[in-house]
Amino acid sequence: MEITLKILQFILSISILVFLHELGHFIPAKWFKTRAEKFFLFFDPWFSLFAMKKVNGKWQYKFLSKNLPDTQIVEVNGEKKEVPIDLEKLPEDDWRKHPEETKWGIGWLPMGGYVKIAGMVDESMDTEQLKKPAQPWEFRSKPAWQRLIIMLGGVTVNFFLAWFIYSWLSYAKGETVFDTGKSEITMKYGAPAKKMGFEDGDKILKVDGKTQTNLDKLTLDVLLSDHITVLRDGKEVTFNTSDDGKAMVFQDNAMKSFLSPRLSPVIDTLTSKTAVDAGLKIGDRIISVEDQPVKYYDEVPVLLNPLAGKVAKITVDRNGNTVPLAVPVDAEGKIGFGSFKEIQKFISQKNFTFAEAVGRGFTRSIEVLTYQIKQFKLVFNKKVQGYKKVSGPIGIINQMPIAKDQAGNVSIDWTFFWGFTAMFSVWLAFLNLIPIPGLDGGHVVFTLWEMVTGKPVPQKVLENAQMIGVVFLLGLMVLIFGNDIFKWITGSF
């Protein structure tokens, strides 16, 4: 059931993003009276799951329909040539006879979607039609500024979608922040963080010269940093962060645990009867385990692990009195207590008015975009080798969280879902603007070249560039999918 919900979340999110992205191309194309031949959610090689088209004023529908060719082979002077289908010879009910109407559909390959705009060199590589003189309803016949708007429509919609979602989340849910700036908080650093240069107890003051007190952002800022300023033993210390430590974070999958806040070992939850029977009470503060002093919660599991299956000598502070206890330790090295409420002292909830939420939504969109661009620093770093952690669809699905109630029932975490969709929308906008032929950014560059020089890029150059771009993107998809499959088989997600 969990994997089903994860897959459904991913497909729903991608469907929303792809549909709206392509709608961003479709709407300006129609405004400028450019013919959109097909509008498909998901790709449809060989056949489609569903298709519909208005023919002679009436909608017609098809299910599991085979794609019919747009070209045919004819013999001219003894030589076989591929030419566009003669529409006049097609029967009236053949959809190909009505290219003025858009064919809408759903493909079977959930890898994206597309709008096929007449007269445009795209991933379909349909070049036969382009050999004919440009028609008024074709993309290539439109002024450069109109073509630029059509090409930028998709990424524009993606950015505004992210802005809308983040604004709505800020207004409806507010923001929950773990504030590391509070004076009582010190940090526990894992081996990767210590390799970077941290020591337990360091209080982070600045990352690359800037203050950051939001724990979620701080974690990523540290990974992206060049130098850190900390308060250590009452003195400010600045050190350069080691790439070797950053590499360990990725190798050990310790993205969220290489640094964590240190909390007092105050018992606010008892989860086992043996702990109660042993005399532990809510409000007790653990001060030693086997005569080893304890100051922070994270020290307790370290001292209990070697005592798995035994009885631990634990001393607690109870209302100012020292109370020694003998507490059984289970096979997993646990005694059945938690300090979950302790963390609430450092968590703040910020709510926004409608106007504030709109501004915050824009800021969050820019923050996400900035972080995504900065992360390329880790992806292409020779030591860090962040590219090994780049995930495709399988990896993303695997990381989708599922909400569980006390009875074990699972459901979709809608707050996370919309946050993920907004983040992915910004990511989709950014990726599509990369100037690679085959992406929107490639078309934008060629169009800008034409606007600056006053000369269109030769058709043959566009076709060759598109072919190179498509091959590159397909190769990248194969690499990412292959990496996903390898990690899935080896269980290294």
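Residues numbered from 1 in each chain as written. Predicted model: local features only at pLDDT ≥ 70, side-chain atom pairs only at ≥ 80, totals over all residues. Heavy atoms only, no water.

Description of the overall build of the protein
Counting its regular elements, the protein contains 13 helices and 22 strands. The burial tally for the protein puts 42% of its 493 residues in the buried class. Across the protein, every contact between residues at least 6 apart in sequence was considered, and the portion connecting residues at least 24 apart equals 67%. Here the protein displays about 27,000 Å² of accessible surface, and carbon together with sulfur accounts for 61% of that area. (Helix = DSSP H or I, 4+ residues; strand = E, 2+ residues; numbered from the N terminus. Buried < 20%, exposed > 50% of the residue type's maximum accessible area, 1.4 Å probe, protein only. Contact = heavy atoms within 4.5 Å. Areas by Shrake-Rupley, 256 points an atom, 1.4 Å probe, with all protein chains shown as cover.)

Side note on unusual backbone geometry
Peptide bonds are trans in most cases, and residues, glycine excluded, mostly fall at negative phi. One non-glycine residue with positive phi stands out, namely Asn56, at about 55°. The residue Asn56 is located in the loop between strand E2 (47-55) and strand E3 (58-66) in this model. Judged by its relative accessible area of 56%, Asn56 falls in the exposed class. For Asp233, which is not a glycine, the phi torsion comes out positive at approximately 55°. Relative to the elements of secondary structure, Asp233 occurs in the loop between strand E11 (227-232) and strand E12 (235-240). Relative accessible area serves as the criterion here: at 77%, Asp233 is assigned to the exposed category.

Remarks on the pattern of salt bridges
Inspection of the entire model under this criterion finds 20 salt bridges. For Lys246, the salt bridge identified is with Asp243, shortest N-O distance 3.7 Å. Within this pair, Lys246 and its partner Asp243 are both found in helix H5 (residues 243-251), separated by 3 residues, close to a single helical turn. Judged by relative accessible area, Lys246 falls into the buried class, the value being 2%. The class of Asp243 is partly exposed, set by a relative accessible area of 26%. (Salt bridge = Lys/Arg side-chain N within 4 Å of Asp/Glu carboxyl O.)

A word on the side chain of Ser13
Examined against the element boundaries, Ser13 turns out to sit in helix H1 (residues 2-31). Separated by 3.0 Å, the side chains of Ser13 and Thr421 make a polar contact. With residues up to four places along the chain from it excluded, the contact list for Ser13 reads Phe417, Phe420 and Thr421. (Polar contact = N/O pair within 3.5 Å; in protein donor to acceptor, adjacent residues only side chain to side chain.)

What about the sheet that holds strand E15 (residues 285-289)?
If you trace the 4 strands from one edge of the open sheet to the other, you get E16-E15-E17-E18, paired in antiparallel fashion. Taken across any chain shown, the strands that pair with only one partner, and hence form the sheet edges, are strand E16 (292-293) and strand E18 (321-328). As defined by bridge partners, E15 adjoins E16 across 2 bridges and the pair is classed as antiparallel. Within E16, the residue paired with Ser288 across the bridge is Pro293. (Pairing = 2+ DSSP bridges.)

What to know about the packing of aromatic side chains
The description of an aromatic ring pair uses the distance of the two centres, along with the angle that the planes make with each other. Applying the stated criterion across every chain yields a total of 27 aromatic pairs. Ring centres 6.0 Å apart and planes at 80° place the aromatic pair Phe159 and Phe362 in the edge-to-face group. In this pair, Phe159 is assigned in helix H2 (residues 144-172) and Phe362 in helix H8 (residues 354-374), connecting sequence segments 203 residues apart. Given a relative accessible area of 35%, Phe362 falls into the partly exposed group. (Phe/Tyr/Trp six-rings, centres within 6.5 Å; stacked < 30°, edge-to-face > 60°.)

Concerning the sheet that holds E3
With mixed pairing, 5 strands are arranged side by side in an open sheet as E3-E2-E6-E1-E7. Two strands lie at the open edges of the sheet, namely E3 and strand E7 (109-117), each paired on one side alone. With strand direction ignored, the average angle separating the axes of adjacent strands in the sheet is 15°. Sheet analysis places strand E1 (residues 36-43) next to E7, joined by 6 bridges and oriented antiparallel. Along E7, the bridge assignment pairs Ala36 with Ile117. Along the sheet, H1 contacts E1, strand E6 (103-106) and E7; its crossing angle with E1, the most-contacted strand, is approximately 165°. (Axes fitted to C-alpha atoms, helices over the stretch in contact; angles between N-to-C directions.)

Side note on the nonpolar core
Counting residues in each nonpolar core, the largest one holds 27 residues, and the members touching the most others are Phe198, Ile204, Val222, Ile228 and Phe258. If you list the elements that add at least two residues to this core, you get strand E9 (186-189), helix H3 (191-196), strand E10 (203-207), helix H4 (215-223), E11 and H5. Counting residues per element, this core draws most heavily on H4, which supplies 5 residues. If sequence neighbours within four positions are ignored, Phe258 has contacts with Lys188, Tyr189, Gly190, Pro192, Ala193, Met196, Thr219, Val222, Leu223 and Val249. By size, the runner-up hydrophobic cluster in this structure holds 24 residues, among which are Phe10, Leu161, Ala162 and Val368. (Core = buried A, V, L, I, M, F, W, Y, C linked by side-chain atoms within 4.5 Å.)

Some thoughts on helix H11 (residues 414-433)
Taking 1.5 Å per residue as the helical rise, H11 with its 20 residues ought to reach 28 Å, and the 29 Å between its terminal C-alpha atoms agrees with that figure. Among the residues of H11, Phe417, Gly419, Phe420, Thr421, Ala422, Phe424, Ser425, Val426, Ala429, Phe430 and Asn432 are the ones counted as buried. Taking the backbone nitrogen of Thr415 as reference, a side-chain oxygen 3.3 Å away marks Asp413 as the first, capping residue of H11. (Expected span 1.5 Å × (residues − 1).)

With respect to the pairing of strand E17 (residues 311-318)
Sheet topology places E15 next to E17; 4 bridges connect them, and they run antiparallel. Paired with Ile286 across the strands is Val316, a residue of E17. With 8 bridges joining them, E17 and E18 adopt antiparallel strand pairing. Across the sheet, the residue bridging to Thr315 is Pro324, located in E18. Remark: 2 residues form the turn of the hairpin made by E17 and E18, two consecutive strands paired antiparallel; Asn319 in that turn has positive phi of roughly 55°.

What about H1?
Helix length check: H1, at 30 residues, gives a terminal C-alpha distance of 44 Å against a target of 44 Å (1.5 Å per residue), a fit within 8%. Once H1 ends, the next one or two residues include Lys33, with phi positive near 55°.

A short note on the pairing of strand E4 (residues 71-76)
Taken together, the 6 bridges between E4 and strand E5 (residues 79-84) define a ladder with antiparallel strand orientation. Its bridge partner lying in E5, Val74 is registered against Lys81. Where E4 folds back on E5, the antiparallel hairpin that results is connected by 2 residues, among which Asn77 adopts a positive phi of roughly 55°.

Observations concerning the packing of H8 against H11
At their nearest, the axes of H8 and H11 sit 9 Å apart, and the two run at 55° to each other. Judged on the interaxial angle alone, H11 and H8 are oblique. In this structure, H8 crosses over H11, and the sense of that crossing is right-handed. Only Met423, Val426, Trp427 and Phe430 of H11 make contact with H8, whose side of the interface consists of Ser365, Val368, Leu369, Gln372 and Ile373. Of the residues belonging to the contact of H8 with H11, the class tally is 7 nonpolar, 2 polar and no charged. (Parallel < 35°, antiparallel > 145°, perpendicular 65-115°, else oblique. Left-handed = near helix turned anticlockwise from the far one by under 90°. Nonpolar A, V, L, I, M, F, W, Y, C, P; charged D, E, K, R; others polar.)

What is shown is where atoms sit, not what they do.
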